[in-house]
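# An overview of the molecular structure
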Amino acid sequence: GAGVSQTPSNKVTEKGKYVELRCDPISGHTALYWYRQSLGQGPEFLIYFQGTGAADDSGLPNDRFFAVRPEGSVSTLKIQRTERGDSAVYLCASSKTGGTYNEQFFGPGTRLTVL
Amino acid sequence: AQRVTQPEKLLSVFKGAPVELKCNYSYSGSPELFWYVQYSRQRLQLLLRHISRESIKGFTADLNKGETSFHLKKPFAQEEDSAMYYCALSGASGTYKYIFGTGTRLKVLA
């Protein structure tokens, strides 16, 4: 079946603008994760959804970042008043359920560039 | 604090030589450790996890709780093993987020 998909694949925006990044998880996966990967670094956790609710948003760097998953499937990561430091690859992953032993399947990422 | 350390940014070996990618972790509890791999122009994918005790593509990794290590090994490297390798830790109940290391780029030379 189809894997995790993310759109857009690339996004270039200007400092101060608002952006939305979309993630389509594998069908039937209840757990969804967002990570951010800066150049030369490993992915860094942002937020975890179990169904529609954010079970852990401890990784969101500040209140400019927000994510939703209103129907328990597609998720949108929203960044307000973008800053140059937000430039990174944003990765989405899903797993069948939340759980330490459940493999997370990653999407191809959205490369965000803030000019 | 929970942390994963991969001390080598780049590791170059010749085809047929043994490979060891180092991973050390810091975690107060019983973590689950994973190795993820990213081949050129592909997405991040699971290579192996310690709970499975399996060998994938000739790679193995043993969790050493005494040394808090989870090094990835392969006796004979192949050119197709060239990729970016990330060690990851999961363990906090209720969240299951991964904590990743900074990654090691493996180059297998012909």
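Please refer to the structure placed before this passage.
Residues numbered from 1 in each chain as written. Chains lettered and ligands numbered in written order. Predicted model: local features only at pLDDT ≥ 70, side-chain atom pairs only at ≥ 80, totals over all residues. Heavy atoms only, no water.

### So, the interface of chain A and chain B
- Contact with chain A, which involves 23 residues of that partner, is made by 19 residues of chain B.
- Summed over both partners, the interface of chain A with chain B comes to about 1,800 Å²; 53% of that surface belongs to carbon and sulfur atoms.
- Where chain A packs against chain B, one counts six residue pairs in polar contact (both at pLDDT 80 or more).
- If you list the elements that add at least two residues to the side of chain A that touches chain B, you get β4 (31–37) and β5 (44–50) of chain A.
- Considering each element in turn, the side of chain A that touches chain B owes the most residues, three residues, to β4 of chain A.
- Considered class by class, the residues forming the side of chain A that touches chain B number nine nonpolar, twelve polar and two charged. (Contact = heavy atoms within 4.5 Å. Buried area = accessible area lost by both parts, 1.4 Å probe. Polar contact = N/O pair within 3.5 Å; in protein donor to acceptor, adjacent residues only side chain to side chain. Helix = DSSP H or I, 4+ residues; strand = E, 2+ residues; numbered from the N terminus. Nonpolar A, V, L, I, M, F, W, Y, C, P; charged D, E, K, R; others polar.)

### Quick word on the nonpolar core
- Counting 26 residues, the largest nonpolar core has Trp35, Leu47, Leu48, Phe70, Leu72 and Tyr85 of chain B as the members making the most contacts within it.
- Those elements that place two or more of their residues in this core are β2 (10–14), β3 (19–21), β5 (32–38), β6 (45–49), β9 (83–90) and β11 (104–109) of chain B.
- Sort the elements by how many residues they give to this core and β9 of chain B lands first, with four residues.
- Judged by nonpolar contacts, the second largest core, of 20 residues, contains Val4, Val19, Leu32 and Ala67 of chain A. (Core = buried A, V, L, I, M, F, W, Y, C linked by side-chain atoms within 4.5 Å. Buried < 20%, exposed > 50% of the residue type's maximum accessible area, 1.4 Å probe, protein only.)

### Quick notes on the sheet that holds β3 of chain B
Residue and element names in this part refer to chain B.
- Taking strand neighbours across the sheet as the criterion, the three strands line up as β3-β8-β7 in an open arrangement whose pairing is antiparallel. Two strands in the sheet have a free side with no partner beyond their single neighbour: β3 and β7 (60–61).
- In the sheet, β7 pairs with strand β8 (residues 72–74) via two bridges, with the strands oriented antiparallel. Its bridge partner being in β8, alanine 61 is matched across the sheet by leucine 72. (Pairing = 2+ DSSP bridges.)

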